[in-house]
Amino acid sequence: MQTLTDPFGRRIEYVRLSVTDRCDLRCFYCMPKGFNDFEEPEHWLSFDEIERVMAAFARLGTRRVRITGGEPLVRKGLPELARRLQEVPGIEDLSLSTNAVQLARHAEALRAGGVQRLNVSLDTPDPQRFREITGGKLEKVIEGLMAAKAAGFAPIKINMVVMKGVNDGDVEAMVDFCIAHDFTLRFIETMPMGDTGRAAGDHFLDLGVVRERLERRFELIPGVMPGGGPARYLQVAGTDLRIGFITPLSQHFCETCNRVRLSVDGTLYLCLGQAHKFELRPLLRAGISDADLEDAIRQAIALKPERHEFNDKPGQVVRFMSMTGG
Ligand code: SAM
Ligand code: SF4
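Below is a summary of the structure that appears in this document. What you are looking at is a predicted structure, and each value in this text was computed from that prediction instead of being measured.

Rules behind the numbers
- Residues numbered from 1 in each chain as written.
- Chains lettered and ligands numbered in written order.
- Predicted model: local features only at pLDDT ≥ 70, side-chain atom pairs only at ≥ 80, totals over all residues.
- Heavy atoms only, no water.
- Helix = DSSP H or I, 4+ residues; strand = E, 2+ residues; numbered from the N terminus.
- Rg over C-alpha atoms; globule rule 2.2 N^0.38 Å.
- Buried < 20%, exposed > 50% of the residue type's maximum accessible area, 1.4 Å probe, protein only.
- Contact = heavy atoms within 4.5 Å.
- Lys, Arg positive; Asp, Glu negative; His and termini not counted.
- Charge placed at Lys NZ, Arg CZ, Asp CG, Glu CD.
- Core = buried A, V, L, I, M, F, W, Y, C linked by side-chain atoms within 4.5 Å.
- Pairing = 2+ DSSP bridges.
- Axes fitted to C-alpha atoms, helices over the stretch in contact; angles between N-to-C directions.
- Near = heavy atom within 4 Å.
- Nonpolar A, V, L, I, M, F, W, Y, C, P; charged D, E, K, R; others polar.
- Polar contact = N/O pair within 3.5 Å; in protein donor to acceptor, adjacent residues only side chain to side chain.
- Areas by Shrake-Rupley, 256 points an atom, 1.4 Å probe, with all protein chains shown as cover.
- Patch = residues over 30% accessible without salt bridge, like charges linked within 9 Å, V, L, I, M, F, W, Y side chains within 5 Å.
- Salt bridge = Lys/Arg side-chain N within 4 Å of Asp/Glu carboxyl O.

Moving on, we come to the overall build of the chain. Secondary structure assignment for the chain yields 11 helices and 12 strands. Rg of the C-alpha trace for the chain: 19 Å, near the compact-globule value of 20 Å for 326 residues, within the 12% margin. For the chain, the C-alpha atoms occupy an extent of roughly 60 × 45 × 40 Å along the three principal directions. When the 326 residues of the chain are sorted by exposure, 56% land in the buried category. In the chain, the share of contacts with a sequence separation of at least 24, taken over all contacts with a separation of at least 6, comes to 72%. Counting 43 positive and 45 negative side-chain charges, the chain places the averaged centre of each group 1 Å from the other.

Right, dumping it as structure tokens:
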């Protein structure tokens, strides 16, 4: 079997696939209020083009694909794309990251289409604070989560960006919420992506602090979670709840990075925190052969940098998270 290995010896076998840079929320740490400088629709990779690129990755050893965005559910026909990707030979694990605003409508079709795992972003269980952070309505997200549960998604992972003075006071309430609904909870540190992410950096909170605080109320024991991501897990003793800590800044995990990101316009981004990229769209539209497409992907992987520099050079990534595919 062919494999992709980057210049630092890391096996690349996971693609984060952004199907749109648009979103129906405006989380202040991700996208500026009123922002609408989006990619032109003629630059979006079509479903045929996406399937072709993902099939090439699969021939090169990729087994896992996560659909993301922007908000993936604003891309028309997403469950159909999921179904097509699930049928690509070699792809064994198809997952989706969503804000869940439109999940109630799509949960069943996504499940039937072969999406196996779901990550939902939710930073607070408080409706007013949810509105302040995202501009949207919490009840939609809750409806979406309940529909996902009813459709049989398990585990459902909740991602919470924890910010000092914004929602750090909600950490315990989120733990209770996730115990009650049998969700997995993952805390994430704010990253300086674009002006929005940098501004949110004023609220940066080292997750070590959150862990210490939780240890005062709960007994936390080492936990494991299938999925192979960068989160380190602890389990709340006496419950099924596992809590993951994703600490790109306080304890980076670049040495185990196994992924690249494909944006909606067909650009491969080799690192979330660096500018290195490789454009596939012009090649696809010029009629590149399958063999040359595989070569192009190999060339791209050769550009993958060793690590992000969020701490040393926080000013360098101008893209918002929604543009790259978080
Ligand atoms: N719209 C979907 C969602 O919110 O789950 C998928 C895309 S979103 C860009 C993916 C993840 O990136 C979300 O969990 C979000 O909280 C996170 N994110 C966005 N901007 C961030 C930032 N500056 N720092 C840390 N995480 C960020
Ligand atoms: Fe949209 Fe997700 Fe960014 Fe929030 S984090 S603005 S939901 S893309």
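This part covers the nonpolar core. In this structure, Met54, Phe187 and Leu214 are the most contacted members of the largest nonpolar core, which totals 103 residues. For this core, the element with the highest residue contribution is helix α1 (residues 47-59), accounting for 7 residues. Excluding residues within four positions of it along the chain, Phe187 makes contact with Met160, Val162, Val171, Val175, Leu207, Val210, Leu214, Ile243, Gly244, Phe245 and Ile246.

Now for the sheet that holds strand β10 (residues 259-262). To summarise the sheet geometry, strands pair through backbone hydrogen bonds and adopt either a parallel or an antiparallel arrangement. Taken in spatial order, the 12 strands line up as β7-β8-β9-β6-β5-β4-β3-β2-β1-β10-β11-β12 in an open sheet, and their pairing is mixed. Every interior strand has two partners, whereas the edge strands, β7 (220-222) and β12 (277-279), have only one. Here the strands of the sheet are splayed against their neighbours by 25 degrees on average, with no regard to which way each runs. Of the strand pairs in this sheet, strand β6 (residues 184-188) and strand β9 (residues 242-246) are connected by 4 bridges, and their pairing is parallel.

As a structural note, the neighbourhood of ligand 2 is formed by Cys23, Leu25, Cys27, Cys30, Gly70 and Asn99. Looking at the shell around ligand 2 residue by residue, the classes come out as 4 nonpolar, 2 polar and no charged.

Neighbouring ligand 1 are 18 residues, the closest being Tyr29, Gly70, Glu71, Ser121 and Met191. Contacts to ligand 1 include Tyr29, whose backbone N or O atom sits 3.1 Å from a nitrogen atom. Taking Thr98, its main chain carries an N or O atom lying 3.4 Å from an oxygen atom of ligand 1. Protein coverage of the free-state accessible area of ligand 1, which is 540 Å², stands at 94%. Residues belonging to the shell around ligand 1 are distributed by class as follows: 5 nonpolar, 11 polar and 2 charged.

A cluster of basic residues, Arg105, Arg131, Lys137 and Lys140, forms a positive patch at the surface. The residue Lys137 is located in the loop between α4 (127-134) and α5 (138-150) in this model.

Moving on: unusual backbone geometry. Following Ala154, the chain continues into Pro155 via a peptide bond in cis, with omega recorded as 0 degrees. Counting through the fold element by element, Pro155 comes out in the loop between α5 and β5 (156-161). Backbone geometry at Ala100 places phi at a positive 75 degrees, although glycine is not the residue there. In this fold, Ala100 is placed in the loop between β3 (93-98) and α3 (103-112). Residue classification places Ala100 among the buried positions, given a relative accessible area of 0%. Here Asp182, not a glycine, exhibits a phi torsion of approximately 65 degrees, which is positive. Along the chain, Asp182 falls in the loop between α6 (171-181) and β6. Overall, the relative accessible area of 54% leaves Asp182 in the exposed class.

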